[in-house]
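Reading the structure
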Amino acid sequence: MILLGVQLDPTLLGCLGPSAPLLLLAHWGVVALLFGAAARSARLPARTLHLAALGLSGCGLSAVMAAAKADRGTRPAERDLAVAATLACGALGFVAVPIVAAASAHSPFALGAW
């Protein structure tokens, strides 16, 4: 099964444990709520918010670009801001995962699986 760009199969879920599906959904829910709150406080247009949420949900830049191209009402600035947000969050993840892994006594690989 592919859920928001992440391929889930019984083997992967078995390795991650029985609570993995619930934790994964909780993670995506928290990310969506926090990003939505930040976007609203920054007064981002709804279209930019939706494009960035699409990119951050695991689908990535290709989904942002495809959705922006399909929606003729998307302005280049809206698309570019969604691309920048997706790239910035990915860069922050590369920096944060090893730090959080060390602080939580996990390996970066195990934490990256989450």
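The structure contained in this document is the topic of the report that follows. Only a predicted model underlies this, so the values are computations on that prediction, with no experimental measurement involved.

What follows deals with the overall build of the protein chain. A count of helical and extended segments in the protein chain gives six helices and two strands. Starting at the N terminus and ending at the C terminus, the protein chain contains elements arranged as β-β-α-α-α-α-α-α. When its C-alpha atoms are laid out on the principal axes, the protein chain stretches across 45 × 30 × 20 Å. Across the 114 residues in the protein chain, those meeting the buried criterion constitute 22%. By sequence separation, contacts in the protein chain at least 24 residues apart represent 47% of the contacts at least 6 residues apart. When the accessible surface of the protein chain is totalled, it reaches about 7500 Å², and 73% of it is carbon and sulfur. The average position of the 7 basic charges and that of the 4 acidic charges among the side chains of the protein chain differ by 9 Å.

Mapped onto the secondary structure, Thr 48 falls in helix H3 (residues 46-59). Excluding its chain neighbours within four sequence positions, the residues that come into contact with Thr 48 are Glu 78, Leu 81 and Ala 82.

Applying the stated criterion across every chain yields a total of three salt bridges. Between Glu 78 and Arg 75 there is a salt bridge, and its shortest N-O distance comes to 3.5 Å. Note on Arg 75: relative accessible area 49%, which makes it partly exposed.

Cut-off values and rules
- Residues numbered from 1 in each chain as written.
- Predicted model: local features only at pLDDT ≥ 70, side-chain atom pairs only at ≥ 80, totals over all residues.
- Heavy atoms only, no water.
- Helix = DSSP H or I, 4+ residues; strand = E, 2+ residues; numbered from the N terminus.
- Buried < 20%, exposed > 50% of the residue type's maximum accessible area, 1.4 Å probe, protein only.
- Contact = heavy atoms within 4.5 Å.
- Areas by Shrake-Rupley, 256 points an atom, 1.4 Å probe, with all protein chains shown as cover.
- Lys, Arg positive; Asp, Glu negative; His and termini not counted.
- Charge placed at Lys NZ, Arg CZ, Asp CG, Glu CD.
- Salt bridge = Lys/Arg side-chain N within 4 Å of Asp/Glu carboxyl O.

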